[in-house]
Amino acid sequence: MNKKVNEKSDKMIHYKPKKTLKKQTNRKISARMKRKIIRKLIQKIFSVLIILLLLFIIFKIATSNHTSETTAEGTSKENTILEEDSQSNGNDLSRNSNMNLLDRENDENSGNTGNQSDPFIINNDWRLTLANYENIIPENFEIELANIDEERQFDARAIQYLNQMMEDMRNDGITNIWIQSAYRSVKKQKELYNNSINKYLKQGKTQEEAEKLTLEYINKPGASDHNLGLAVDFNYVDESFEDLKGFEWLQQNAEKYGFVLRYPKDKEKITKIKYEPWHWRFVGQEHAKKMNELNMCLEEYVDYLANFGDGP
Ligand SMILES: [Zn+2]
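Residues numbered from 1 in each chain as written. Predicted model: local features only at pLDDT ≥ 70, side-chain atom pairs only at ≥ 80, totals over all residues.

Participant: What am I meant to see in the overall build of the protein here?
Facilitator: Tallying secondary structure elements over the protein gives 9 helices and 6 strands in all. For the protein, with 312 residues in total, the buried portion stands at 24%. For the protein, contacts bridging at least 24 residues in sequence account for 66% of all contacts bridging at least 6. (Helix = DSSP H or I, 4+ residues; strand = E, 2+ residues; numbered from the N terminus. Buried ≥ 20, exposed ≤ 12 C-beta atoms within 10 Å, placed from the backbone. Contact = placed C-beta atoms within 7 Å.)

Next up, the structure:
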């Protein structure tokens, strides 16, 4: 019996550890399985992370390439300006930095602001606003003005270009030039227009003749660049201005500051205004350059943009 018990207990003793062993083995296996799964998971997470990292690096490289391209472009642009300046003047580094500043601001300015519902604002670019005999600016047309001096005002967004141009002109030794008139309200334009008509009527002209003669040099109220605050008249506002050095300088350099001769001699039929060497209009640098390159007055250029896209 004892032996049996012993045997039994032996068996039991023998059996128990056997069972535990099996359990342990099972546990070991499942632990191994778990570890394997975890390892696989970690591997997967790692490979995903590596892929993400690679993508990030590729993206970074692509972006930095783009930036360096832009920088290269910027540099070549700067060089062009440097070349232009050294050709025409050969001096003044500070001017170059000013010009670049103007360039940058010009870029920021282009194609923004302006009221899209106003038909005379071309391409939604306030710098190309067209005022003429068939595009009449309303009497309530409002712009933000800045002072040129105590009496004269200019569009606040463009005045820095005007100031820079005047400063550089003076630095080039042109001192006998001054701004006779700049911004004029539509109301003031009305006064000028009516005064001129009255003057001709007093001389014995008919109303029709008086209007015709007036319109040669004075725009109808709302049809003048001056009503926009984007134009300046120099000196005595007469044709002798074209004999001055200042006129020559403007012909060579005004486009760099975004100004163009608004009423050229060969465009009288289009502008319906007689040649005005003294009247210069701000349109922005890239437009001024393009207009000169194409030999177009503002009316033609606006048509050109309408037919051939968004311009330079
Ligand atoms: Zn004028």
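Participant: It is not clear to me how unusual backbone geometry should be interpreted in this structure. Could you clarify?
Facilitator: Peptide bonds are mostly trans, and most non-glycine residues show a negative phi. Phi at valine 237 takes a positive value of approximately 50 degrees, unusual for a residue other than glycine. Note on placement: valine 237 falls in the loop between strand S4 (231-234) and helix H6 (245-253).

Participant: What should I look at first to understand the confidence of the model for the protein in this one?
Facilitator: In low-pLDDT regions, the fine details of the predicted coordinates are not to be read closely. Taken as a whole, the protein shows an average pLDDT of 78; of its residues, 69% reach a score of 70 or greater. Per-residue pLDDT, averaged within each element of the protein, yields its smallest value for helix H2 (residues 93-109) (48) and its largest for strand S5 (residues 259-261) (98). Contacts for the low-pLDDT stretch residues 65-94, under 50 throughout, to residues beyond four places or in other chains number 11 contacts. (pLDDT = per-residue confidence, 0-100.)

Participant: So what exactly am I meant to see when it comes to the sheet that holds S5 here?
Facilitator: Strand pairing in a sheet relies on backbone hydrogen bonds, with the paired strands running either antiparallel or parallel. The sheet built from 4 strands is open, its strands ordered S3-S4-S6-S5 with antiparallel pairing. Of all the strands in the sheet, the pair left with one neighbour each is strand S3 (179-181) and S5. When the angles between neighbouring strand axes are averaged without regard to direction, this sheet yields 40 degrees. Relative to S4, S3 runs antiparallel, the two being bridged by 2 bridges. By the bridge assignment for S4, serine 181 is matched with aspartate 233. (Pairing = 2+ DSSP bridges. Axes fitted to C-alpha atoms, helices over the stretch in contact; angles between N-to-C directions.)

Participant: How should the nonpolar core be read in this particular structure?
Facilitator: As a rule of thumb, nonpolar side chains are buried together in soluble globular proteins. In this structure, Leu162, Ala254, Phe259, Val260, Trp280, Phe282 and Val283 are the most contacted members of the largest nonpolar core, which totals 35 residues. At the level of secondary structure, the elements contributing two or more residues to this core comprise helix H3 (159-171), S4, H6, S5, strand S6 (279-282), helix H8 (285-294) and helix H9 (298-308). (Core = buried A, V, L, I, M, F, W, Y, C linked by C-beta atoms within 7 Å.)

Participant: What am I meant to see in the pairing of S6 here?
Facilitator: Each regular strand carries side chains that alternate between the two faces of the sheet. Neither face of S6 is open: one carries His279 and Arg281, the other Trp280 and Phe282, and all of them are buried. Note: S4 against S6, 3 bridges, orientation antiparallel. Each bridged residue has a counterpart across the sheet, and for alanine 231 the counterpart in S6 is arginine 281. The pairing of S5 with S6 spans 3 bridges and is classified as antiparallel. Its bridge partner lying in S6, leucine 261 is registered against tryptophan 280.

Participant: Would you explain H6 in this entry?
Facilitator: Given 3.6 residues to a turn, an α-helix orients residues that are three or four positions apart in the same direction. Among the residues of H6, Gly246, Phe247 and Leu250 are the ones counted as buried. Along H6, the residues classed as buried sweep out an arc of 100 degrees about the axis, all on the same side. Away from its buried face, by an angle of more than 90 degrees, H6 presents the exposed residues Glu248 and Gln252. Considering only its buried residues, H6 is in contact with H3, S4 and S6. (Arc of directions from axis to C-beta.)

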